[in-house]
Amino acid sequence: SAGAAFAQGTNGYPTRPITMIVPFAAGGPTDVVARIVGDHMSKTLGQQVIIENVVGAGGTTGATRAKRANNDGYTVIMGHMGTHAAAVPLYPNLAYDPATDFEPIGVAAGTPILILAKKDYPAKDLAEFVKHVKANSGTLNMAHAGVGSVSYTTCLLLNSILDVKPTAVPYNGTGPAMNALVGGQVDYMCDQIVNVVSQVQGGSIRAYGIATEARNPALPNVPTTTEAGLPEYKVSAWNAVFAPKGTPQPVVDKLADALDKALNDETTRKRLLDLGSDLPEGDRRGPKALGQLVKSEVERWSKVIKAAGPGN
Ligand code: MLT
């Protein structure tokens with residue numbers, strides 16, 4: 001019977017591969033973090049964690065899919081600050097409540113945000129960029145990963161500080177948006193560090209500032225926004241694993257333990273740190289910390305988005 005199968009699934013869990021939904025395109029920041037963390041979780045769980053990219057609507061299509069999935073531990077999602085916080089004030093009819101429709105498993109990585117432009121953007125530093133954007137925003141294109149995504153909300157904040165309205169060009173993730181930036185089809189973007197390190201190092205794009213208190217060891221030559229003269233712009237994002245509401249507690253515990261072990265593993269840590277991630281430690285880890293983070297982030301972004309006004 002279904003009941004017996006369910007009970008067996010809980011006891012022997014996991015007995016088959018686990019799908020981790022990534023609500024953005026392959027090759028982008030969420031996908032990369034999911035694959036790195038999922039790799040090590042597979043070892044602990046003894047079953048493969050298979051990544052499924054479910055794109056659209058700034059990540060809310062994939063998050064809706066995850067909410068509606070069977071709550072048996074065989075579907076989880078790598079959500080983020082957009083899908084599980086900023087989407088709330090941006091989508092009045094959002095099909096899920098990030099705080100009540102999911103079992104938080106844990107934060108996987110903090111992801112600092114950078115202000116980036118195509119390599120021949122006519123500004124040598126952030127001060128010149130600010131001046132140029134203010135003078136030309138009517139003709140500029142800003143790439144993002146859909147309304148509600150991290151790149152959308154963090155650039156909404158930047159644009160409101162600069163009081164500019166560029167043309168916002170949506171992609172299914174900042175993986176493809178980055179390709180457009182490298183190709184010079186768009187002018188600028190705000191993106192998570194894990195998506196930009198190799199391009200900045202290789203000189204295929206420009207990085208004008210990182211919106212954190214301190215410089216990042218993965219990109220030590222990129223100044224902070226404070227150093228570069230825009231201290232008002234300070235923002236960062238995060239990626240986190242969620243299961244559908246009602247996933248049995250022992251299963252939640254197993255998933256949380258596997259995530260914890262991944263974040264303790266030296267190879268996994270190095271892979272994430274080399275990409276500039278800010279790894280959660282101590283009381284920033286686990287289901288309880290993530291549950292609290294979601295609540296405080298929904299509140300924070302509701303205020304930010306209200307203050308920033310409607311984007312475009
Ligand atoms: C992605 O994986 O493409 C990103 O997390 C998109 C974003 O939220 O900007």
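Analysis parameters
Residues numbered from 1 in each chain as written. Predicted model: local features only at pLDDT ≥ 70, side-chain atom pairs only at ≥ 80, totals over all residues. Heavy atoms only, no water. Helix = DSSP H or I, 4+ residues; strand = E, 2+ residues; numbered from the N terminus. Rg over C-alpha atoms; globule rule 2.2 N^0.38 Å. Contact = heavy atoms within 4.5 Å. Areas by Shrake-Rupley, 256 points an atom, 1.4 Å probe, with all protein chains shown as cover. Axes fitted to C-alpha atoms, helices over the stretch in contact; angles between N-to-C directions. Parallel < 35°, antiparallel > 145°, perpendicular 65-115°, else oblique. Nonpolar A, V, L, I, M, F, W, Y, C, P; charged D, E, K, R; others polar. Near = heavy atom within 4 Å. Polar contact = N/O pair within 3.5 Å; in protein donor to acceptor, adjacent residues only side chain to side chain. Disulfide = S-S within 2.5 Å. Buried < 20%, exposed > 50% of the residue type's maximum accessible area, 1.4 Å probe, protein only. Pairing = 2+ DSSP bridges. Core = buried A, V, L, I, M, F, W, Y, C linked by side-chain atoms within 4.5 Å. pLDDT = per-residue confidence, 0-100. Expected span 1.5 Å × (residues − 1). Arc of directions from axis to C-beta. Lys, Arg positive; Asp, Glu negative; His and termini not counted. Salt bridge = Lys/Arg side-chain N within 4 Å of Asp/Glu carboxyl O.

Peer 1: Help me get a handle on the overall build of the chain, residues and values and all.
Peer 2: Scanning the chain from N- to C-terminus turns up 11 helices and nine strands. Taking 312 residues into account, the globule formula puts the C-alpha radius of gyration at 20 Å, and the chain, at 19 Å, falls close to it. Overall, the C-alpha framework of the chain stretches about 65 × 40 × 35 Å when taken along its three principal axes. For the chain, long-range pairs separated by at least 24 residues make up 78% of all intrachain contacts whose partners lie at least 6 apart in sequence. As displayed, the chain offers around 12,600 Å² of accessible surface, 52% of which is attributable to carbon and sulfur atoms.

Peer 1: Can you break down the packing of helix H9 (residues 249–264) against helix H10 (residues 266–274) residue by residue, with the values?
Peer 2: At a closest axis distance of 5 Å, the pairing of H9 and H10 adopts a crossing angle of 75 degrees. Between H9 and H10, the interaxial angle falls into the category roughly perpendicular. For the pair formed by H9 and H10, the contact residues are Ala 262, Leu 263 and Asn 264 on the first element and Glu 266, Thr 268, Arg 269 and Leu 272 on the second. Considering only residue class, the contact of H9 with H10 consists of three nonpolar, two polar and two charged.

Peer 1: Tell me about the site of the ligand, and name the residues and values.
Peer 2: Surveying the vicinity of the ligand reveals the residues Phe 24, Pro 29, Thr 30, His 80, Ala 145, Ser 149, Val 150, Ser 151, Gly 173, Thr 174 and Gln 192. Val 150 is positioned such that a nitrogen or oxygen atom in its backbone is 2.8 Å from an oxygen atom of the ligand. Here Gln 192 contributes a side-chain N or O atom positioned 2.8 Å from an oxygen atom of the ligand. With the chains in place, 100% of the 270 Å² that the ligand exposes on its own is no longer accessible.

Peer 1: Break down the state of the cysteines for me, with residues and values.
Peer 2: Using the criterion set out here, one finds one disulfide in the structure. The disulfide bridge from Cys 155 ends at Cys 190, spanning 2.0 Å between sulfur atoms. For the disulfide bridge between Cys 155 and Cys 190, the dihedral angle about the S-S bond is near 75 degrees, and by the sign convention the bridge is right-handed. Taken together, the residues span a long stretch of sequence, with Cys 155 in helix H6 (residues 150–162) and Cys 190 in strand S7 (residues 188–192) at a distance of 35 residues. Residue classification places Cys 155 among the buried positions, given a relative accessible area of 0%.

Peer 1: Explain the pairing of strand S9 (residues 236–244) to me, and be specific about the residues and the numbers.
Peer 2: Looking along a regular strand, one sees side chains alternate from face to face of the sheet. For S9, a buried count of eight out of nine residues is recorded, marking the element as mostly surrounded by other parts of the structure. Of the strand pairs in this sheet, strand S3 (residues 75–80) and S9 are connected by four bridges, and their pairing is antiparallel. The residue bridging Met 78 from the neighbouring strand is Val 241, located in S9. The pairing of strand S4 (residues 102–118) with S9 spans nine bridges and is antiparallel. Bridge assignment links Pro 104 to a residue of S9, and that residue is Phe 242.

Peer 1: So, the nonpolar core: which residues are in play, and what are the values?
Peer 2: Across soluble globular proteins, nonpolar side chains show a tendency to be buried alongside one another. The biggest cluster of nonpolar side chains holds 52 residues, and the ones touching the most others in it are Phe 129, Leu 158, Tyr 188, Tyr 233 and Trp 238. Looking at this core, the elements with two or more residues in it are helix H3 (60–68), helix H4 (82–90), S4, helix H5 (126–136), H6, S7, S9 and helix H11 (286–308). Not counting residues up to four positions away in its chain, the partners in contact with Leu 158 are Ile 115, Tyr 188, Cys 190, Leu 230 and Tyr 233. If you look at the next biggest cluster of nonpolar residues, it comprises 50 residues, including Val 76, Met 178, Ala 207 and Val 241.

Peer 1: Account for the confidence of the model for the chain, with residues named and values stated.
Peer 2: When pLDDT is averaged across the chain, the result is 95; 96% of the residues are at 70 or more. Here residues 1–5 is modelled with pLDDT under 50, and outside its nearest four sequence neighbours on either side it reaches zero contacts, counting other chains as well. The ipTM assigned to the predicted complex is 0.98, against a pTM of 0.95.

Peer 1: Can you explain H9? Please cite residues and give values.
Peer 2: Its 16 residues give H9 an end-to-end C-alpha distance of 22 Å, which sits within 8% of 22 Å, the value for a rise of 1.5 Å per residue. Regarding H9, the residues found buried are Val 251, Val 252, Leu 255, Ala 256, Ala 258, Leu 259, Ala 262 and Leu 263. One face of H9 carries all of its buried residues, which in axial projection span an arc of 155 degrees.

Peer 1: Which residues make up the side chain of Asp 191, and what values go with them?
Peer 2: Looking at the element boundaries, Asp 191 is found in strand S7. Of the side chains with opposite charge, Arg 300 comes closest to the buried, unpaired Asp 191, at an N-O distance of 15 Å. A polar atom in the side chain of Asp 191 sits 3.0 Å from the side chain of Thr 174. Beyond its immediate chain neighbours, meaning those up to four positions away, Asp 191 contacts Pro 29, Pro 112, Ile 113, Leu 114, Leu 116, Thr 174, Met 178 and Val 196.

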